[in-house]
Amino acid sequence: MEEKFYQLASFEYAADVQIIKGKLESEGIPVFLRDENTLNSDPLISNAIGGVKLQVYSKDKERALAIYNEVRAYALDEKDQPIVCPNCKASRSEVYYNRKGVFYKLFPFFEKRKYKCLNCGIITNPRT
Ligand SMILES: [Zn+2]
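None of the values given here were measured: they were computed from a predicted structure. (Residues numbered from 1 in each chain as written. Predicted model: local features only at pLDDT ≥ 70, side-chain atom pairs only at ≥ 80, totals over all residues. Heavy atoms only, no water.)

Q: What should I look at first to understand the sheet that holds strand E1 (residues 5–11) in this one?
A: Sheet strands associate in pairs through backbone hydrogen bonding, adopting either a parallel or an antiparallel arrangement. Sheet architecture is open: three strands sit in the order E1-E3-E2, paired in antiparallel fashion. Looking at strand neighbours, the two that pair on one side only are E1 and strand E2 (32–34), the edges of this open sheet. Direction aside, neighbouring strands of the sheet carry axes that sit 30° apart on average. Across three bridges, the pairing between E2 and strand E3 (residues 52–57) is antiparallel. By the bridge assignment for E3, Arg34 is matched with Lys53. (Pairing = 2+ DSSP bridges. Helix = DSSP H or I, 4+ residues; strand = E, 2+ residues; numbered from the N terminus. Axes fitted to C-alpha atoms, helices over the stretch in contact; angles between N-to-C directions.)

Q: I would appreciate a short explanation of the pattern of salt bridges in the present structure.
A: Side chains carrying opposite charge are able to pair once their charged atoms draw close together. For the structure on display, the rule yields three salt bridges. The partner of Glu25 in a salt bridge is Lys21, with the nearest N and O atoms 3.3 Å apart. With Glu25 and Lys21 both in helix H1 (residues 14–26) and four residues apart, the pair spans about one turn of that helix. In this structure, Lys23 and Glu27 form a salt bridge, with 3.7 Å as the shortest nitrogen-oxygen distance. (Salt bridge = Lys/Arg side-chain N within 4 Å of Asp/Glu carboxyl O.)

Q: Explain the environment of Val17 to me, please; I cannot follow it from the model alone.
A: Here Val17 shows up in helix H1. Taking the C-alpha atoms as reference, Val17 lies 8.6 Å from Lys53; in sequence the two are 36 residues apart. Those residues within four positions of Val17 in sequence are excluded, and the remaining contacts are Phe11, Leu33, Val52 and Leu54. (Contact = heavy atoms within 4.5 Å.)

Q: Quick question: what am I supposed to make of the coordination of the zinc ion here?
A: A metal bound by six donors in octahedral fashion has ideal angles of 90 or 180 degrees, whereas one bound by four tetrahedral donors has an ideal angle of 109.5 degrees. Taken together, the protein ligands of the zinc ion are Cys85 (SG), Cys88 (SG), Cys117 (SG) and Cys120 (SG), with distances of 2.3 Å. Around the zinc ion, the four donor atoms are arranged such that angles at the metal cover 106 to 117°; this shape is classified as tetrahedral. Mapped onto the polypeptide sequence, the residues donating to the zinc ion form the spacing pattern C-x2-C-x28-C-x2-C. With a gap of 32 residues between them, Cys88 in the loop between helix H4 (61–72) and strand E4 (93–96) and Cys120 in the loop between strand E5 (114–117) and strand E6 (123–124) connect regions that are remote in the sequence. Exposure remark for Cys120: the relative accessible area of 36% places this residue in the partly exposed category. (Donors = N, O, S within 2.8 Å, 3.2 Å for Na, K, Ca; no water. Tetrahedral: all angles 85-135°; square planar, octahedral: opposite > 155°, others 65-115°. Buried < 20%, exposed > 50% of the residue type's maximum accessible area, 1.4 Å probe, protein only.)

As structure tokens, this is what we get:
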């Protein structure tokens, strides 16, 4: 039988991947990373190819999605406090990357972190 993969998500930074990967593996779900070596050796190329792709077996898709949604729902600020949405007061946000233009592609670390509320979808830019 042919093995089929489901791409759960793609990440720009290996550190973000490791959090999700560790959680999924702790739940007994095999995780496959694509392009991670490229990312670590050359971040500019990783931007071009969309970063690290995290894949699971298709048969694990539902469980993996549930775990992923649970984990990513809690973006934390610098003080490890959940990001609270200023619009709906939900504390379920994920980190949101909004890079436009060549400058941020070359120097992504200059961009401030933003957060996207998973409840109402608003993009926030806290603590400017
Ligand atoms: Zn909200």
